[in-house]
Amino acid sequence: MFKIPLLIALIFSQINLCLGQINPMSVSPAEADNSVAAELKSFQLANGYKIELFASEELGIADPCAMRWDEKGRLWVLTIPSYPQLEAGKKPVDKLTILEDRNHDGKADTSYVFADGLMMPLGFELGHGGVYLGEQTELVFLKDTDGDGKADKREVLMAGFGTHDSHQTINSFLWSPGGELFFSQGHSIYSRVETAWGIEKADRAAIWRYRPLRRQLDNFLDGSMASVNPWGMNFGEWGEMFHKANDPELFYTVPGLVKTAHRALLPPIGKLVIKGSIIEIIRTKHLPDDLKGDFVIAGYYNNKIERMRVTDDSSGYKARLLDPILSSSSRSFRPIDVKVGPDGALYVLDWYNPIIGHYQASMRHPDRDKTHGRIWRITATNRPLVQPPKLADQPVPVLLDQLKSDEHWVRYQVKRLLAEKSLKEVRPDLTEWVEKLDPKDSHYEHHLMEITGVFESHEVVNEALLKQLATGKELGARAYAAHVAGRWSDRLPNALAILEPLVNDQNSRVRLEALVAVSTVHRPEAMVLATQVLDQPMDKFLRYALEKTAYALQEAWEPALKADQLAFKKPAHLAWLVSVLPPSWYTPEQYRKLIQTESRSPEVRRSLLLSLAKTGKAPDIEFVLGQSSAQTDAVLLENLSKLDAKPVSALAAANLKTSLAPTKTAELNIAAIQLARAWKIKPVAATINLLATNNQIDQRVRAEGLKALVELNGGAVLPLLQKLAVSSETPRIIRLASLKGISELDVTLAANATVKEMQRSGGSVNDMRDAIAPVIDQRSGIKALVAALAKTVLSKSQARLALEALATKGINAPELSARLNQLAEERTISARKYSPDYVEKLAKAVKEQGDAKRGELIYQANPSCSACHTLNGKGGTIGPNLSAIGRGLSSREIITEVLWPNQNIKEGYNQVRVETKKGEIIQGIKVFETADVIHIKTTAATKNRVIDKKELTSQTENGSLMPTGLMDTYSEEDVRDLIRYLSELGSN
C-alpha cells in the first residue's frame, strides 16, 4: 500500500478543479419511477414559464427523435425504438406518427401512424404533399395518395448515403428560405450518391443541400470540417444559415457554403459547456420579449434546454451561453428536438432514456428504454397564446398575405405550401402580390425577400426582383440578394455584374454572402472579383470563404493566369491568390516580383517567401533569408525548417546569424536554430554554440541550441553535453536537452547519464518520465539502460517512480521492469495467464468481496491510468474513456481488458511503433495517415506527432498500448478491488 500517500497528494492537488463540476454521462442508471408525474417533479424551470405534458407513450411516442408541425397544427413525430440496432430476425418497428390536439386544450388527444415498418430513420420534413425521410442509405419520399392518412407511395429519390454508424446517418431535415432541403450526416459516414448531376461524395461529417425540382444534391464541409456530428440547423430572419454540432460548438454556416473538395476547419461562433443539438430561434410574440432572437438548444447530454444569445461579429456572429430555460435532475430526460408550435409555445421532444449513444454501453443493454417518450409544452405565464391563421386549403392570395405575418411559424408553413402548388397556379398571383406591396412599409424589403424565396422554391429566375433586392437599404436584403444571385448564377445573363457592387458593399456581411455566391460562377473573372474583398477589412469568416473560393474556382482561373489572361484590380490581389494556392508552374522570378508588390500583408509575404524557398535554388534561398522581414519572422523560419533541406550560401548563412543575435526574441532565436538544425547549416554552428553555453540566455534557446549542435557538430559536442548533463548546477531543461543529444550520439553514455538524472528525480512521475524518455526512445536505449542499472542502485522511491513512468509511456520492457522491480523491492507476482476459469473465479470474488472505495484509491495511485484514460472529465485521451465502463461491460469483460489488454483491442486503439533513421522510437495511437506522413498520439505530448515517412526505417502495429503485465505487481486483493471500482463506474 505504499502507493496510497501518492494518491492522497494527487487527490488534493486536483480537488479544487473538481468542485462544483458535473460531468453528465451518456449512460445513467434507470429511474426508479418512470412516470410523467415523477419527471415533472424533476424539472427546474426558469421564472415566467410553465411546463405541461403534450403527449407521451400513451399515444405511441416511444424513443422519439424528430418532430415537425404541419399547416393544420398537427405534430408529426418520428419514433425509432429499433435504435441502436435492429435485433436479428426481427422486422423494423420504427414509425412516423401524427399527433393532434382536437379540443385545443394544449394536450394531444389522438394519434395515428402515417408510416410504419421504417428502418431507423433519423430525420424528416414535410413538403410537396408528402414527407421527405432519411432512411439509412436512402432519401425517400412518402405520400398518402388515397387520403386515408397513411403513406401508400414510397419513392427513393437518392441512394448511397453511408450507414457505418446508426446514429450518424442523414438527419436534421429543414427547408431553407428558398425551398432547399438541408440535412446532415455524421463523422463515421461515407456517402457516394448517384445523381443526374454526377456522383456526389461526402466523407465523414457533412451538410447536404437538395433542390427537389432539379434533383440536385450538393455537399459542404465534409471531412468533419464543422463538427464531427452536425445535428440541427436553422436560418435567421434574412436567411443567414447556422448549424449546431452534436458537440458543444455552434457554427455560422455561410462561410462554409462554398462547394469545393478543399477542406479547412470552419471556426465556431460559440459553444455550450457540453454536448447539445438542434437550433430553434425564438420568433413568436407569445414568448417573452427577452427571449426573442435567442437560440434554444436541446441539451440531451446534460438534461437541459439551453439558451444562447447570438450577436454580430464583423461579417459573422458570436454566441454566448445564458442560463438554461429548463433543467432536470432526471438523467432520463433527454431533449432531442425543440420547436416553436403554432400557438407560440415551445415544444420539447424528450427521448426519455437513461442511455444515449451506443459506444458507451452494450447495444443490448437492459436499461435501454424502448417504451417511453414525451413531448413537453413550455408556455409563458401571463402572455396570451398565438391564434394561428387557417392555412390548410387556402387559395394562393390568402397564403401570400400571410408572408407578412410576425410569426415565423406561419411564414415557414406558407412557403412550404406555396412550394407544393404548381407554378401555373401560383405565378400570376406572385407577380400581382409584389406589385401591390407598399414601398413605404417598414418591412417592405423583408416581404421582397420572402417572395423571392417562393420564386426560388419553384426554380423560377426573377432577375428584376433580384436586382431590386440587391439595391435595398437593409443589409439583410442585399445579403440575401447576393445569396440568390449565386443560386441563379447558371441562369442569369451576368451574375457577376449583380455581385460586383455586393462584393464591394460597405457591410461586411453582405460582402461575405457575395463572396460565397461568386464561388458558384466558374469563370476566370469570378476570381478577379472575389479578391476585391481584400480592399476592405478582413475577418476570420471572410478569410475562410475567400480561401475556399480560390480552390473552388481553381480550374477556371489557373489556366487563364498561366496564359496571362487575368487582369487583377491590384497586384496585391494576385499576390494573395498565389500565396494561398501557389501554381505548380510558377517560377522563382514570378515569386520575386510578387514579393516586391506593394500592400502585401505579412501573412501573404511570408507565404510567398515560403513558396519561393520551396521551388528556388541557392540564390533564391539567399534572397529569402536576405529579406529584412525574414530576419524577424519566427513563423517563417519555423515553416522553412519543415521543408526539405536547401542549399545555403555563405551570405544566406550570414543573414541567418542576424536572427541568432542574443538581443533578438527567444522565439526568433529558437526558430533560427531549428532551421539551422533542419538544413544542417554548419557555418552558424559557432554562433549557436555561443547561445547554448551562455548562462544569461533564455534556457529554451540554450536547450534548442544543444539539440542543433548534435546535428551540426556530431560527436564533437559530446564532451559539452556530458558536462552539462551531470552537473547539478545545470538547469533541468538543459540537462534533459543534453541527455537527448547524448542519446542520439551514444546510448551507452546516455544510459549512464540517465541513471544520474533518475537519482535526482525524486519528485513526480512526469519528472521521471522526462528523465528516462531520451534514452528509452532511442534504438537500443532500453538495453543500455538495463545494463547501466545493473551496476547502479536507485532508491526504492526512485525505482517505483521509474516503474510508473514506464507505464505512463505504454512501454513493454520486461527486462527493465524486472530490474526496477528488484530495486523497488516490489512484490513480483507471477504473470497471470488467461483462462476462463480464472476469470470466473476472480469475477465471483469481485462481486462478493470487492471494495470499490479501496479500488478507487488503487486506480488514482497509478498515474499510468490517468495518463491514458479519461475518467469523469479528467485524464488522457489516448485510451478508451472509462467514465461509464461499468454500465457497458460486465466485470468479467473488465477483468480481461485490464489483465490481458491484447485479448480484445478496441477499434481505433491499436498501438503503432515507428523508428526514424536517426534511431528515435515513437509509439502511440495512429490518428491519421497519408502516403507522406503519419500522425501519432502519444502519452507524453499534448499535440500529435506528425512524422514524414521518408524519415522512417520501420513502422509496425502490434497490440494494445497498455503494457502487458501492468497488474503483475498487484496482489489478488488489489486487482479484485480495482475491478470492483471500475465495474461500478457510470452506475451513479
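Check the entry above for the structure.
Reference entry: report on the structure contained in this document. (Residues numbered from 1 in each chain as written. Predicted model: local features only at pLDDT ≥ 70, side-chain atom pairs only at ≥ 80, totals over all residues. Heavy atoms only, no water.)

Looking at the overall build of the chain
Part 1 of the reasoning: Within the chain, the secondary structure is distributed over 35 helices and 34 strands.
Part 2 of the reasoning: Against the compact-globule benchmark of 30 Å for 988 residues, the chain has a radius of gyration of 32 Å, which places it among compact chains.
Part 3 of the reasoning: With the C-alpha coordinates aligned to their principal axes, the bounding extent of the chain is approximately 95 × 80 × 50 Å.
Part 4 of the reasoning: Looking at the chain as a whole, 58% of its 988 residues are labelled buried.
Part 5 of the reasoning: Long-range contacts, defined here as pairs at least 24 residues apart, represent 63% of the contacts in the chain between residues at least 6 apart.
Part 6 of the reasoning: By element, 50% of the accessible surface of the chain is carried by carbon and sulfur atoms, the whole surface being about 41,300 Å². (Helix = DSSP H or I, 4+ residues; strand = E, 2+ residues; numbered from the N terminus. Rg over C-alpha atoms; globule rule 2.2 N^0.38 Å. Buried < 20%, exposed > 50% of the residue type's maximum accessible area, 1.4 Å probe, protein only. Contact = heavy atoms within 4.5 Å. Areas by Shrake-Rupley, 256 points an atom, 1.4 Å probe, with all protein chains shown as cover.)

Thoughts on the packing of helix α22 (residues 699-713) against helix α24 (residues 732-745)
Part 1 of the reasoning: α24 packs onto α22 with a crossing angle of 10 degrees between their chain directions and a minimal axis gap of 9 Å. In terms of their interaxial angle, α22 and α24 are classed as roughly parallel. In this structure, α22 contributes Gln699, Arg700, Arg702, Ala703, Leu706, Lys707 and Val710 to the contact, and α24 contributes Ile733, Ile734, Ala737, Ser738, Gly741, Glu744 and Leu745.
Part 2 of the reasoning: Among the residues forming the contact of α22 with α24, the class breakdown is 7 nonpolar, 3 polar and 4 charged. (Axes fitted to C-alpha atoms, helices over the stretch in contact; angles between N-to-C directions. Parallel < 35°, antiparallel > 145°, perpendicular 65-115°, else oblique. Nonpolar A, V, L, I, M, F, W, Y, C, P; charged D, E, K, R; others polar.)

What to know about the sheet that holds strand β1 (residues 43-45)
Within a beta sheet, neighbouring strands are joined by backbone hydrogen bonds and run either parallel or antiparallel to one another.
Part 1 of the reasoning: Strand order in the open sheet made by the 5 strands is β1-β24-β23-β22-β21, with antiparallel pairing throughout. One side of each edge strand has no neighbouring strand; the edge strands of this open sheet are β1 and β21 (277-281). Adjacent strand axes in the sheet meet at a mean angle of 35 degrees when their direction is disregarded.
Part 2 of the reasoning: Pairing of strand β22 (residues 295-299) with strand β23 (residues 304-313), which is carried by 5 bridges, proceeds in the antiparallel orientation. Across the sheet, the residue bridging to isoleucine 297 is glutamate 306, located in β23. (Pairing = 2+ DSSP bridges.)

Remarks on the pattern of salt bridges
Part 1 of the reasoning: Per the stated rule, a full pass over the model turns up 67 salt bridges.
Part 2 of the reasoning: Of the charged contacts in the structure, one is a salt bridge between glutamate 180 and arginine 211, with a shortest N-O distance of 2.8 Å. Placement of the pair is glutamate 180 in the loop between β11 (171-175) and β12 (181-185) and arginine 211 in strand β15 (residues 206-211), with a sequence separation of 31 residues. Residues glutamate 180 and arginine 211 agree in their burial class; the two are buried.
Part 3 of the reasoning: Between aspartate 535 and lysine 570 there is a salt bridge, and its shortest N-O distance comes to 3.3 Å. Remark: lysine 570 occurs in the loop between α13 (554-562) and α14 (571-580) and aspartate 535 occurs in the loop between α11 (524-530) and α12 (540-552); sequence separation between them is 35 residues.
Part 4 of the reasoning: A relative accessible area of 39% places lysine 570 in the partly exposed class. (Salt bridge = Lys/Arg side-chain N within 4 Å of Asp/Glu carboxyl O.)

Here we look at the environment of phenylalanine 623
Part 1 of the reasoning: Within the element layout of this structure, phenylalanine 623 appears in helix α17 (residues 618-626).
Part 2 of the reasoning: Sequence separation between phenylalanine 623 and histidine 167 is 456 residues, and the spatial gap between their C-alpha atoms is 55 Å.
Part 3 of the reasoning: In this view, phenylalanine 623 contacts Arg592, Ile595, Gln596, Leu609 and Leu612; residues no more than four positions away in its chain are not counted.

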